[in-house]
Amino acid sequence: MGAASPEGIDPVRLIPTSPVALIEIDNPPVNATSQAVRAGLLAAIREVDNNPRIEAVVIACAGKTFVAGADIREFGQVPREPHLPDVINAIEACSKPVVAAIQGTALGGGCEIALACHARVAEAGASLGLPEVKLGLVPGAGGTQRLPRLVGLDAALDLVTSGRPVKAPEALRLGLIDRLSSGDLRQDAIALAQELIGQPLRRTGDRIVTPMDAEAASAKTAEIRKKARGAEAPDKAAELVLQAANLPLQDGMARERETFLELRSSEQSAALRHAFFAEREVMRLPGLDSVEPRSVQKVGIVGAGTMGSGIAIAFADAGFDVRIVETSEQALGAGQARVRDVYDKQVASGRITSAVRDERLKAIGYAVGISSLSDRDLVIEAVFEDLDVKRALFRDLDAILPPGTILATNTSYLDISLIAAATSRPADVVGLHFFSPAHVMKLIEIVRTGATAADVVATGLALAKRLRKIPVVCRVCDGFVGNRILSRYRQQAEYLLEEGALPHEVDAALEAFGFPMGPFAVSDLAGLDINWARRKRLAPTRDPRERYVDIADRLCEAGRFGRKTGAGWYRYEGGKREVDSAVTALVEEASQRRGLTRRAISADEIQSRIRAAIVNEACKILDEHIVERPLDVDVVMMHGYGYPAWRGGPLFEADRVGLQPILAQVRERAAQDGPGWEPAEGLVSRAASGAKFYP
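The notes below deal with the structure included here. In this text, all values refer to a predicted model and were calculated from it rather than measured experimentally. Along each chain, residues carry numbers from 1 onward, in the same order as the chain's sequence is written. The predicted origin of the model limits local features to residues at a pLDDT of at least 70 and limits the giving and counting of side-chain atom pairs to 80 or more, whereas totals for whole chains, interfaces and linings rest on all residues. Only hydrogens and water are set aside when side-chain values are computed; all heavy atoms of the structure are taken into account.

1. Remarks on the overall build of the protein
- Strands here mean DSSP runs of E at least two residues long; helices mean DSSP runs of H or I at least four residues long; both are numbered from the N terminus. Of regular secondary structure, the protein possesses 28 helices and 19 strands.
- On C-alpha atoms alone, the protein measures out to a radius of gyration of 28 Å, which is about the 26 Å that the 2.2 N^0.38 rule sets for 695 residues.
- When the backbone C-alpha atoms are referred to their principal axes, the protein occupies close to 90 × 60 × 55 Å.
- When each of the 695 residues of the protein is scored for burial, the buried share is 54%.
- Expressed as a percentage of contacts within the protein between residues at least 6 apart in sequence, the contacts between residues at least 24 apart total 73%.
- Each accessible area is a Shrake-Rupley result for a 1.4 Å probe, and residues are judged covered by the shown protein chains and nothing else. Working note: accessible area of the protein is about 28700 Å², and carbon and sulfur atoms make up 52% of it. What the globule rule says is 2.2 Å times the number of residues to the power 0.38, and the radius of gyration is computed from C-alpha atoms. Working definition: with a 1.4 Å probe on protein chains only, accessible area under 20% of the residue-type maximum means buried, over 50% means exposed, and in between means partly exposed. Any two residues having at least one pair of non-hydrogen atoms within 4.5 Å are treated as being in contact.

What follows is the structure in structure tokens.
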């Protein structure tokens, strides 16, 4: 039935049983809405309409999922008929009841297909959503118009502008689906279809949407715009959803399609599509295709502080057997309380049930001393950031762990080769640099030394997949990828202070650029003492010609370590960030000591100087083969440091902005700021030849 796929297999089958027929979509691996699927589905619906023996129909999918979205192989191509909106309109217009049987995920076009059906049944573990805004788009086949007709404007605004999927129980509460399956999804859907025979058809497009109060709508869109941080698609999506209350379905769909086509050709959508593919490409590391990862199920965590607890939660959530160890009962108890508090908050917010919390808490064991880790497949240290401490710990772990156990360090900056050298098994040592909070942040830097075995790196990638995290493999240098770049652009931010800006002005400029927080607010959140310790560690080897700003040192000497002490770059009262006149005075004094006349610095200058610092350091990382691909840098910066995804990452954006102006800015900084700011060879050569990071 219908058009065949490129592989010659018919991806849509109509099984014309009476009185309820079955349309089965079978387009592995995720039943994407390829041209062949669209054509087959349209033909099947027309046959249902015309076959007098068929009184109702169920749309179901083979495999583990309902239609999970568009066919990524068709991204960037001119769409071929039939277009998805026409197929979906035909489903809704069918003269006989159409029921969707949803398992796995119904995302994007898959969700829109379900919305057009006259009823929906889903397995309890199924998810539905319209994630198009994450690609810089809006739904293009009626999603912004049909969803509010089922769930109301408030819920539709949330789902469409965030792109977040909802599990079936929430979808049932919202009215997005009609029933949860009792166990046999297709039979449950057939039973509902039989009930609907002879009843008035419940066409979603015919439903009336209750308008939202104008003041409430204005407040909601302002909130959406603030969360979007410069991304265009959420704002456009909100406009379309609100219009569903005032426009007939076809008029609303026409506006939706117009907006979809406009955004599809936008710079932001190109950047977000780049981000989408880059996130997947980092999982495929050249040279590791045929390398089998080691088996890991039992995981040990040394250290129950903020990082250790977060790492333990991440592994427990993924179904691992976890054991946390500490040096004392007091420290262990504090860590156990920290873990429980995270899970209790998740229960209170409705993210998990108390039963799930209890199951995950049971997955985490606790002990004093490392001797209890002798049965572990992987041990991760999350102790104090001190090389001697970590080397001593790894020597002790080496003595008790069996051959084949992987030893991982969560260090942010230290030389992992020196840590590995403290063991008799450097091939088994790797960096697994999680980002705080470790159970929330998706990025992991997998840091391999010159001695790390290939199957250990492959294991890191496999673990990241199980943890549902995004891994970037890199080599050893101070700060690896993300923190090395962060140190460089934070340095430039401090130069801006000496020259005339204030911390809140720099932060505001970078938040306007699209970062969730500026560098000074981030420092306060992380704790100024962490980088103070690093600066003191590096002081003996610092080039005396290097421009060095000591404002942060003076804050630390005054005991101002950020939020945790109530004061850092800002003052905190009741958790609220406030500009502090004492910091302003300290900044102005630093300018005087440097002999600089302070001047007004525009947001544009702040943004361009920070961008130049990021791109130049990223090029040096590529020149040194710390990573092999520009996309590795882009993924790190987007998922670890809040670089706006709608810009595509710093190197993708640099191609769009042009490398010549960035190089000119770098050269100006090198002339003024001295050693460390020399233009990277890769930046110079690309700017001269016109080459791009992404040809």
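From this point on, the discussion continues.
2. Things to note about the sheet that holds strand β8 (residues 166-167)
- Only strands joined by at least two bridges in the DSSP assignment are considered to pair. Read from one edge to the other, the open sheet built from 3 strands follows the order β5-β7-β8, with strand pairing classed as mixed. Of all the strands in the sheet, the pair left with one neighbour each is β5 (105-107) and β8.
- Pairing between strand β7 (residues 127-129) and β8: 2 bridges, direction antiparallel. The residue of β8 that forms the bridge with L128 is V166.
- Structural elements are reduced to axes, namely lines fitted to C-alpha atoms, with helices fitted over the stretch in contact, and the angle between N-to-C directions of any two is expressed from 0 to 180 degrees. Packed on one face of the sheet, helix α3 (residues 109-116) meets β5 and β7 and runs near 90° to β5.

3. Observations regarding the pairing of strand β10 (residues 298-302)
- Counting buried residues in β10 gives 4 out of 5 residues, a clear majority hidden from the surface.
- Direction of pairing for β10 relative to strand β11 (residues 321-326): parallel, over a ladder of 5 bridges. Bridge assignment links G300 to a residue of β11, and that residue is R323.
- Sheet topology places β10 next to strand β13 (residues 378-381); 4 bridges connect them, and they run parallel. Within β13, the position partnered with I301 by the bridge is I380.

4. Things to note about the nonpolar core
- Membership of the largest hydrophobic core comes to 89 residues, with the highest contact counts inside it found for V481, I485, Y489, V506, W569 and L683.
- When neighbours within four sequence positions are excluded, L683 is seen to be in contact with V615, N616, C619, L659, I662, L663 and V666.
- Among buried residues, the Ala, Val, Leu, Ile, Met, Phe, Trp, Tyr and Cys ones that are joined through side-chain atoms within 4.5 Å form a nonpolar core. I23, L157, L159 and V166 belong to the second largest nonpolar core, which has 67 residues in total.

5. Quick notes on the side chain of H433
- Inspection of the secondary structure assignment puts H433 in strand β15 (residues 429-434).
- Polar contact is the term for a pair of N or O atoms within 3.5 Å; when the atoms are in protein, one must be able to donate a hydrogen and the other to accept it, and sequence-neighboring residues count only if both atoms are side-chain atoms. Within the local environment of H433, its side chain forms a polar contact with the side chain of S412, the two groups lying 3.4 Å apart.
- Once residues within four sequence positions are removed from consideration, H433 is found in contact with T409, N410, T411, S412, L443, I444, E445, F480 and N483.

6. Comments concerning the pattern of salt bridges
- For this document, the term salt bridge refers to a Lys or Arg side-chain nitrogen within 4 Å of an Asp or Glu carboxyl oxygen. Following the criterion strictly, the structure yields 63 salt bridges and no others.
- Among the ionic pairs, R179 bridges to E195, the shortest N-O distance being 2.6 Å. In this pair, R179 sits in strand β9 (residues 179-180) while E195 sits in helix α7 (residues 185-196), placing the two residues 16 residues apart along the sequence.
- With relative accessibility at 44%, the residue E195 sits in the partly exposed group.
- Two residues, R647 and E653, come together in a salt bridge whose shortest N-O distance is 2.5 Å.

7. Some details on the packing of aromatic side chains
- Each Phe, Tyr or Trp ring (for Trp, its six-membered ring) is paired with any other whose centre lies within 6.5 Å, and the angle between the two planes then decides the class: stacked below 30 degrees, edge-to-face above 60, tilted in between. On inspection of all chains with the given rule, the structure shows 12 aromatic pairs.
- Their ring planes at 55° and their centres at 5.8 Å tell us that Y495 and W677 sit as a pair that is tilted. Pair noted here: Y495 is in helix α18 (residues 482-499) and W677 is in the loop between α27 (659-673) and α28 (681-689), with a separation of 182 residues, a long-range link. Accessibility assignment for this pair places Y495 and W677 in one class, buried.

8. Thoughts on helix α20 (residues 519-526)
- Listed in full, the buried residues belonging to α20 are P519, F520, A521, S523 and D524.
- In the core, the buried residues of α20 are packed alongside α18, α19 (503-513), α21 (528-538), β18 (571-573) and β19 (576-578).

9. Some thoughts on the environment of A612
- Residue position: A612 is located in helix α24 (residues 603-623).
- On the accessibility criterion, A612 (2% relative accessible area) is buried.
- Taking the C-alpha atoms as reference points, A612 and V666, 54 residues apart in sequence, are found 5.9 Å from one another.
- The contacts of A612, once residues within four sequence positions are left out, are I662, Q665 and V666.

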